[in-house]
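Coordinates in review
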Amino acid sequence: IGKPIELIVDVSKTRYRRGEAVELSVKTPQAAYVYCYVQSPTTGKIQRIFPNRFVRDPRIEANSPLELPGAQGFKVAAGGEGVTRQTLGCLATEREVYNDLPPQLRWGDFEDIRLGTFEEIRDAFALVAKAPVALEGAVIEVVDN
């Protein structure tokens, strides 16, 4: 069993106007394989936003922040009708485990995942990794314009 991975997830701000693009920064003190997800504020479904069709490699180098979406060709819009909070989460592993996941756990990017919580996703990764999987999230406040 590997040592726990430290994962730091920062949103550029904690309060966003509805529809505004959410930006986050992900960093680890050691090289790691990172997977980031956003939970739909209206349906509660979770989608993977990194890695994705724009950047397929989940590896990030030590102390080299990953900016999402950065220059990648997608946007995470804050909130939805009547929504006041939204959750984002990232996982980190010491080694690449995605291809070892059972087929039903290898979802396409920007598609709803069949697991309902970030913890369930982490547990699925940990089962395959046979090592600690870091999970860090961020909750943003969504306000009307």
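Up top you'll find the structure we're talking about.
So, here is what we can say about the structure in this document. (Residues numbered from 1 in each chain as written. Predicted model: local features only at pLDDT ≥ 70, side-chain atom pairs only at ≥ 80, totals over all residues. Heavy atoms only, no water.)

**Focus: the sheet that holds strand E3 (residues 24-27)**
The strand order E1-E3-E7 describes an open sheet built from three strands, whose pairing is antiparallel. For this open sheet the edge positions go to strand E1 (8-11) and strand E7 (66-68), each flanked by a neighbour on one side alone. The average angle at which neighbouring strand axes cross in this sheet is 20°, direction not considered. With three bridges connecting them, E3 and E7 associate as antiparallel partners. Note on E7: the bridge partner recorded for Leu 24 is Leu 68. (Pairing = 2+ DSSP bridges. Helix = DSSP H or I, 4+ residues; strand = E, 2+ residues; numbered from the N terminus. Axes fitted to C-alpha atoms, helices over the stretch in contact; angles between N-to-C directions.)

**Remarks on the state of the cysteines**
For the structure on display, the rule yields one disulfide. Between the sulfur atoms of Cys 36 and its disulfide mate Cys 90 the distance is 2.1 Å. In this structure, the disulfide formed by Cys 36 and Cys 90 twists by about 110° around the S-S bond and is classed as right-handed. Of the two residues, Cys 36 sits in strand E4 (residues 32-39) while Cys 90 sits in strand E8 (residues 85-93), which places them 54 residues apart along the sequence. The residues Cys 36 and Cys 90 share a single accessibility class, namely buried. (Disulfide = S-S within 2.5 Å. Buried < 20%, exposed > 50% of the residue type's maximum accessible area, 1.4 Å probe, protein only.)

Interpretation in functional terms is not warranted from these geometric data alone.
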